[in-house]
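For reference, the chains in residue letters:
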There are 2 protein chains.
Amino acid sequence: MGRAGLTADRVTLAGAELADEAGLDHVTMSAVARRLGVKDASLYAHVRNLEDLRGRIALLAADEKTLRIAEAIAGRAGKDALVAYANAWRQYAHDHPGRYMATQIPIQIDPELVARAPGPRRAVELTYGMLRAYALAEPDLTDAVRLMRSTLHGFTSLEAAGGFAHARPAEDSWVRCLDALHTLLEHWPPRDEGDPA
Amino acid sequence: MGRAGLTADRVTLAGAELADEAGLDHVTMSAVARRLGVKDASLYAHVRNLEDLRGRIALLAADEKTLRIAEAIAGRAGKDALVAYANAWRQYAHDHPGRYMATQIPIQIDPELVARAPGPRRAVELTYGMLRAYALAEPDLTDAVRLMRSTLHGFTSLEAAGGFAHARPAEDSWVRCLDALHTLLEHWPPRDEGDPA
DNA sequence: AGATACAATCTAGGGGCATTAGGAAAAAGC
DNA sequence: GCTTTTTCCTAATGCCCCTAGATTGTATCT
């Protein structure tokens, strides 16, 4: 019997592919081992356990998504950048539904692994950078970043879960929501409390 | 041995409680049976299988969340209603993290069961009703509803997953995001394509 | 009340998955 | 070539999902 040449990365990739094809909860040690032509126990030399594997898939997805966004917004600014950013986000969720869902699980990932992965950190930096065109000062900038990420994540997440009935194409609503976000960022409300009715 | 007096609803409730206490993926047939002082096999007289149980938990959560929102916005209008709606949403997610997460799973619920549950349908109606104060015409109204739901779901979801680093309190960002949504709804961008730069 | 029908729960068992421990075999180092 | 390390395997344990068939409690009918 030859050797399979497994590594943590190859196991993670197999798990990610399985997640996209069959759904995240079909990502089991057994299924991943089968896909790699290996016995389940063999995986434990490369991955601590199932939870660890799912965490690695989540980090892989974060890295990939960040990379796509970075490429998409390179050389763009303003609304162009906003739309490119958002479309790259949504497209990644469509192309890799299982990996994307992996990023949603309440995180309990090996901190050392997280430190090594550039994805999550860079994602936030990219968002800040992209929004800098709108000239928001802290803490408004942070709030805008969070609103932005919330809306994009919420939309793609609801869309994936079938949350939008088929009355109006989700695509159309998406475009309009981006218009709305752009408008909002250009007219971010002032922080004062007592605005006279 | 006396009888346990199980019903589908009691099984669902036990599952929901377990989801909130221990996390959705600790909701297993065995665990629910243990909590009810019953053997696992006994549950199958009331619930088709584990997937069915999770679907029922999701519907229960949808109903409960909708009810809370309905109570919160009763008698309110405009920004008052918006804030009450959003806070009720977020509060439900905080109070019942497991149930809330159950509503996120890609739905594969018994259609007959869904038809019987008022929650999901009513939730959409409530949102439309609340936004009617902003005088949006279709299809903008639908897009606004979707943006609204996306943002609220995305925020609570990211918050629950620990997506917001602790730099700025999530609570503060939440309040500002609601301000922003209100502003946006009052100044919803027109549908025209060619807006001159 | 006694017999009967119905439903709820249990016992028993098959099959899958996660995980650990220890052995064999391939690759790498000396 | 021999030793060491790494990779992968076999074996075994325990939990979990789910089905089938027996059993027992409750309601109904006469």
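Residues numbered from 1 in each chain as written. Chains lettered and ligands numbered in written order. Predicted model: local features only at pLDDT ≥ 70, side-chain atom pairs only at ≥ 80, totals over all residues. Heavy atoms only, no water.

1. Remarks on the pattern of salt bridges
Alright, step 1. Counting across every chain of the model gives 31 salt bridges over all chains.
Alright, step 2. In this structure, the salt-bridge partner of Arg90 of chain A is Glu171 of chain A, at a minimum N-O distance of 2.9 Å. Here Glu171 of chain A lies in helix α10 (residues 170-186) and Arg90 of chain A lies in helix α5 (residues 78-95), a separation of 81 residues in the sequence.
Alright, step 3. For Arg90 of chain A, a relative accessible area of 7% translates into the label buried.
Alright, step 4. Between Asp140 of chain A and Arg176 of chain B there is a salt bridge, with the nearest N and O atoms lying 3.1 Å from each other. (Salt bridge = Lys/Arg side-chain N within 4 Å of Asp/Glu carboxyl O. Helix = DSSP H or I, 4+ residues; strand = E, 2+ residues; numbered from the N terminus. Buried < 20%, exposed > 50% of the residue type's maximum accessible area, 1.4 Å probe, protein only.)

2. Thoughts on helix α2 (residues 29-36) of chain B
Residue and element names in this part refer to chain B.
Alright, step 1. Taken residue by residue, α2 has Met29, Ala31, Val32, Ala33 and Leu36 as its buried positions.
Alright, step 2. You can read the cap of α2 off the contacts: a side-chain oxygen lies 3.3 Å from the backbone nitrogen of Ser30, and it is on Thr28.
Alright, step 3. Looking one or two residues beyond α2, the residue adopting positive phi is Gly37, at roughly 70°. (Polar contact = N/O pair within 3.5 Å; in protein donor to acceptor, adjacent residues only side chain to side chain.)

3. As for the relation of the copies chain A and chain B
Alright, step 1. For the pair chain A and chain B, the best superposition has an RMSD of 0.0 Å and corresponds to a rotation of 180° with a translation of 0.1 Å parallel to the axis. As the rotation angle and translation indicate, the two copies are arranged about a two-fold axis.
Alright, step 2. Comparing contact sets, 100% of the residues at the interface of chain A also lie at the interface in chain B, consistent with an isologous, same-surface contact. (Least-squares fit on C-alpha atoms with pLDDT ≥ 70 in both. Contact = heavy atoms within 4.5 Å.)

4. Observations concerning the interface of chain A and chain B
Alright, step 1. The partner chain B presents 36 residues to the 36 residues of chain A that form the contact.
Alright, step 2. Summed over both sides, the interface of chain A with chain B buries roughly 3,100 Å², with 61% coming from carbon and sulfur.
Alright, step 3. Run the count over chain A and chain B and you get four salt bridges.
Alright, step 4. With a shortest N-O distance of 2.8 Å, Arg168 of chain B and Asp143 of chain A are connected by a salt bridge.
Alright, step 5. For the pair chain A and chain B, the interface holds 15 residue pairs in polar contact (both at pLDDT 80 or more).
Alright, step 6. For the side of chain A that touches chain B, the leading source of residues is helix α9 (residues 140-160) of chain A, giving 13 residues.
Alright, step 7. Residues that form the side of chain A that touches chain B fall into these classes: 18 nonpolar, 10 polar and eight charged. (Buried area = accessible area lost by both parts, 1.4 Å probe. Nonpolar A, V, L, I, M, F, W, Y, C, P; charged D, E, K, R; others polar.)

5. Observations concerning the packing of helix α1 (residues 8-22) of chain B against helix α4 (residues 50-73) of chain B
When two helices pack together, their arrangement is given by the angle between their axes and by how far apart the axes lie.
Residues and elements named next belong to chain B.
Alright, step 1. Interaxial distance between α1 and α4 falls to 9 Å at its minimum, and their mutual angle equals 80°. When the interaxial angle is binned, α1 and α4 end up roughly perpendicular. Touching Ala8, Val11, Thr12, Leu13, Gly15 and Ala16 of α1 are Leu53, Arg56, Ile57 and Leu60, all from α4.
Alright, step 2. Here the contact of α1 with α4 is built from residues that sort into seven nonpolar, two polar and one charged. (Axes fitted to C-alpha atoms, helices over the stretch in contact; angles between N-to-C directions. Parallel < 35°, antiparallel > 145°, perpendicular 65-115°, else oblique.)

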